[in-house]
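# Tertiary structure, described
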Amino acid sequence: MKSLLIKSAIASGIVLSLATITRPVMASSFTVSIENAGVQDAQLSNLVNAHVQNFDAQTAGYSATGFQSNDGTTIGSYKNTLIVNADQYGGAGGANKYFDVDTSRSQNGQTVSTLNLANPESYFGLWWSAGDANNVLTFLSQGKVVQTITTADVVSYIGNLANKASYYGNPNSTFKNQDSGEPFAFINFYDVGGTFDQVQFSNVGGSGFESDNHTVATGYKSITGNIVTQAVPESSSLLGVLVIGFVGASSVLTRRVNKKSVLQLS
């Protein structure tokens, strides 16, 4: 049985790695940083013209048409959305709603949700909760992909931090340490060489892509948090993503529909 699981994990790793290879190779202009463990919000004082969508005012459930995002200023529009009440997998603070992409919960074949921004932005941040191998975050500018981030990348980033273990499990008191096999972190994406006007959230496999406190800004005063990657050609990071794909591959076999533990680094 153990041998079968190992073989299956390797096969899954190959699938994940091949999927990674199909990502376009381009000069990435993004610097990525991770806030301290337990932090679930952006450092707004550091951002210029920042806007936050926390989803608490949205109706729980799935909507193909989505909703307009604004806080007095139109931020953009979300399409093909799923809003979920806080549980062990998401909901900043442990008592609020969060954003999800999940075919199992939407029952409408939802695999991609899109945020179309009203204006080009150079910063995006989110509380990436319960990360699993099927989560993909894609930034686009005028219809062209400028950056793609997977949970394999996130796990790799966290793995470089001295206190990596503290990022695993839900940090909120209501669901403290539940879902302990998956990373929970607020991640900052700084496009230091350009802007983007669309963000896509993808999940194929019914395992869910949970997030909260989506934050956009036209600029920033400095790069905050623990810097995990600088703006470098994306091709140079592919090998690391391939390796982590094998490390986390067995998660695809065990993770939900009930969202079992995934991508735990030793």
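These lines cover the structure that appears in this document, whether it is placed above or below. (Residues numbered from 1 in each chain as written. Predicted model: local features only at pLDDT ≥ 70, side-chain atom pairs only at ≥ 80, totals over all residues. Heavy atoms only, no water.)

### Some points on the pattern of salt bridges
- The final tally for this structure, using the stated rule, is two salt bridges.
- Ionic pairing is found between Arg 105 and Asp 87, a salt bridge with its closest N-O pair at 2.9 Å. Residue Arg 105 is located in helix α2 (residues 103–106), and its partner Asp 87 is located in the loop between β7 (81–85) and β8 (97–100); the two are separated by 18 residues in the primary sequence.
- One salt bridge connects Arg 105 with Asp 100, and the closest N-O pair in it is separated by 3.4 Å.
- Relative accessible area serves as the criterion here: at 30%, Arg 105 is assigned to the partly exposed category.
- When salt bridges with common partners are traced through the structure, they connect Asp 87, Asp 100 and Arg 105 into a single cluster. (Salt bridge = Lys/Arg side-chain N within 4 Å of Asp/Glu carboxyl O. Helix = DSSP H or I, 4+ residues; strand = E, 2+ residues; numbered from the N terminus. Buried < 20%, exposed > 50% of the residue type's maximum accessible area, 1.4 Å probe, protein only.)

### Quick notes on the environment of Asp 100
- Along the chain, Asp 100 falls in strand β8.
- Judged by its relative accessible area of 0%, Asp 100 falls in the buried class.
- Residues Asp 100 and Val 84 lie 16 residues apart in sequence; the distance between their C-alpha atoms is 6.8 Å.
- Asp 100 has contacts with Leu 82, Val 84, Arg 105, Gln 110, Gly 208, Phe 209 and Glu 210, leaving out every residue within four places of it along the chain.
- Looking at Asp 100, its side chain comes within polar contact range of the side chain of Arg 105, at 3.4 Å.
- There is a polar contact of 3.1 Å between the side chain of Asp 100 and the backbone nitrogen of Phe 209. (Contact = heavy atoms within 4.5 Å. Polar contact = N/O pair within 3.5 Å; in protein donor to acceptor, adjacent residues only side chain to side chain.)

### Structural notes on the packing of aromatic side chains
- Counted by the stated rule, this structure contains 17 aromatic pairs.
- Here Phe 124 and Phe 139 contribute two aromatic rings whose centre-to-centre distance is 5.9 Å and whose plane-to-plane angle is 70°, an arrangement assigned as edge-to-face. With Phe 124 in strand β10 (residues 123–129) and Phe 139 in strand β11 (residues 135–141), the pair connects residues that are 15 residues apart, well separated along the chain. Like Phe 124, the residue Phe 139 is buried in the burial classification.
- For the ring pair Phe 139 and Phe 189, a centre distance of 5.3 Å and an interplane angle of 55° mean the geometry is tilted. With Phe 139 in strand β11 and Phe 189 in strand β13 (residues 185–191), this residue pair connects regions lying 50 residues apart in the sequence.
- Relative accessible area serves as the criterion here: at 0%, Phe 189 is assigned to the buried category.
- One aromatic cluster in this structure is built from Phe 30, Phe 55, Phe 67, Tyr 78, Phe 99, Phe 124, Trp 128, Phe 139, Phe 189, Phe 196, Phe 201 and Phe 209. (Phe/Tyr/Trp six-rings, centres within 6.5 Å; stacked < 30°, edge-to-face > 60°.)

Function cannot be inferred from these measures alone, as they are strictly geometric.
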